[in-house]
Amino acid sequence: MSACLFLRDRLNLRWVLGGLLLWLVVGGLGMTSVARAQAPVVVSYTPAEGATDITIDTPIVITFDRDMDTTVAVLSSLNLTMSPASIPFIQGTWADDKRTLTLKPSFGNWPLNITIQWTLNPAGGFAFLQIKSAAGVALGTVSGSFSTGLGAPAIGSVSPANDDEAVPTNSP
C-alpha cells in the first residue's frame, strides 16, 4: 500500500508543479499584464521646449501615445511642479480623447516676461497620485520650459498697398 501512496503523491506533486508552471507562463491570473505594458510616452507638447515670446494666455498642451487614466487629477505640488514658485495654482484638464492634457493657471494667465519650467511626475511623488496610462503604468518624469512675452506683433496694415503704382519715392 505504501507504494501506491508514494506513486499518488508523486503524481499530485507533478500536477501541482505543472499547474504552477502553466500559471506563470500564462500570466499569473492577469497580475503581470500591468508589468508587461509599456509606460506612456509624450509624443508632443506645446509650447515647444525653449520657446520664447509665448503669450501669457497660451496653455501647455501635452499629447500622449496612448489612452491615459483621466481619473487622476493633475495638481500642483502632487504630480506637477512649476517653477518659479510664484506661478499660481495650475489646472490640468483631460480632453475626451484621453490622450491630451491641457495645463493652465486656474486664476488668470502666466506671468509676463518669465521662464516657466514644468515637470510631470516629479521624483519623490506619491505612487498613487502619478499620472499613468489607462493600463495603470506610470508616466516617467517629463519636463519642459518656455518663456512668456507679448507674442509676435501683428501687422495691422501696410502702406502703400500692394499694386499701388503712383507712389512718390519720398512717401513714409
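Here the structure is a predicted model, which means the values were calculated and not measured. (Residues numbered from 1 in each chain as written. Predicted model: local features only at pLDDT ≥ 70, side-chain atom pairs only at ≥ 80, totals over all residues. Heavy atoms only, no water.)

**Q** Outline the overall build of the protein chain, listing residues and values.
**A** A tally of regular secondary structure across the protein chain gives two helices and eight strands. Secondary structure of the protein chain in N-to-C order comes out as α-α-β-β-β-β-β-β-β-β. Out of the 172 residues in the protein chain, the part that is buried amounts to 26%. Long-range contacts, defined as pairs at least 24 residues apart, comprise 65% of the intrachain contacts of the protein chain with a sequence gap of at least 6. (Helix = DSSP H or I, 4+ residues; strand = E, 2+ residues; numbered from the N terminus. Buried < 20%, exposed > 50% of the residue type's maximum accessible area, 1.4 Å probe, protein only. Contact = heavy atoms within 4.5 Å.)

**Q** Before we move on, could you go through the nonpolar core and cite the residues and values that matter?
**A** Ranked by internal contacts, the top residues of the largest apolar core, which has 23 residues, are F64, M82, L103, W118 and L120. Filtering out sequence-adjacent residues up to four positions away, W118 remains in contact with Y45, I60, I62, L80, T81, M82, V142, S143, G144, S145 and F146. (Core = buried A, V, L, I, M, F, W, Y, C linked by side-chain atoms within 4.5 Å.)

**Q** Explain the packing of aromatic side chains to me, using residue names and the numbers behind them.
**A** One pass over the structure, following the stated rule, counts three aromatic pairs. Their ring planes at 40° and their centres at 5.7 Å tell us that F64 and W94 sit as a pair that is tilted. With F64 in strand 3 (residues 60-64) and W94 in strand 5 (residues 90-94), this residue pair connects regions lying 30 residues apart in the sequence. Grouping residues by exposure puts F64 and W94 together as buried. A ring pair is formed by W110 and F146, whose centres lie 5.8 Å apart and whose planes are at 80°; its orientation type is edge-to-face. In this pair, W110 sits in the loop between strand 6 (100-105) and strand 7 (115-120) while F146 sits in strand 8 (residues 142-148), placing the two residues 36 residues apart along the sequence. (Phe/Tyr/Trp six-rings, centres within 6.5 Å; stacked < 30°, edge-to-face > 60°.)

**Q** So, the pattern of salt bridges: which residues are in play, and what are the values?
**A** For the coordinates displayed, the defined rule picks out two salt bridges. Note that D65 and R66 form a salt bridge whose closest N and O atoms lie 2.9 Å from each other. Judged by relative accessible area, which is 26%, D65 ranks as partly exposed. Here R66 falls in the partly exposed class, since its relative accessible area comes to 22%. (Salt bridge = Lys/Arg side-chain N within 4 Å of Asp/Glu carboxyl O.)

**Q** A description of unusual backbone geometry should follow, citing residues and the corresponding values.
**A** A negative phi angle characterises most non-glycine residues, just as the trans form characterises most peptide bonds. The peptide bond linking T46 to P47 adopts the cis configuration, its omega dihedral lying at -5°. Assignment of secondary structure puts P47 in the loop between strand 1 (42-46) and strand 2 (51-54). Note that the residue after S83, namely P84, is joined by a cis bond; omega there is 5°. One can find P84 in the loop between strand 4 (80-83) and strand 5. The phi angle at K98 is positive, at roughly 65°, despite the residue not being glycine. Locating K98 in the fold gives a position in the loop between strand 5 and strand 6.

**Q** Lay out the sheet that holds strand 6 in plain terms, naming residues and giving numbers.
**A** The strand order across the open sheet built from four strands is 1-3-6-5, with neighbouring strands paired in antiparallel fashion. Each edge of the open sheet carries a strand with a single partner, namely strand 1 and strand 5. Adjacent strand axes in the sheet meet at a mean angle of 15° when their direction is disregarded. Strand direction decides the pairing type here: strand 1 and strand 3, joined by four bridges, are antiparallel. Bridge pairing links T46 to V61 in strand 3. (Pairing = 2+ DSSP bridges. Axes fitted to C-alpha atoms, helices over the stretch in contact; angles between N-to-C directions.)

**Q** So, the side chain of T148: which residues are in play, and what are the values?
**A** With respect to the helices, strands and loops of the structure, T148 is situated in strand 8. Among the polar contacts listed, one links the side chain of T148 to the backbone oxygen of P111, at a separation of 2.6 Å. Non-local contacts of T148, meaning those with residues more than four positions away in its chain, are made with D53, I54, I56, W110, P111, L112, N113, I114 and I116. (Polar contact = N/O pair within 3.5 Å; in protein donor to acceptor, adjacent residues only side chain to side chain.)

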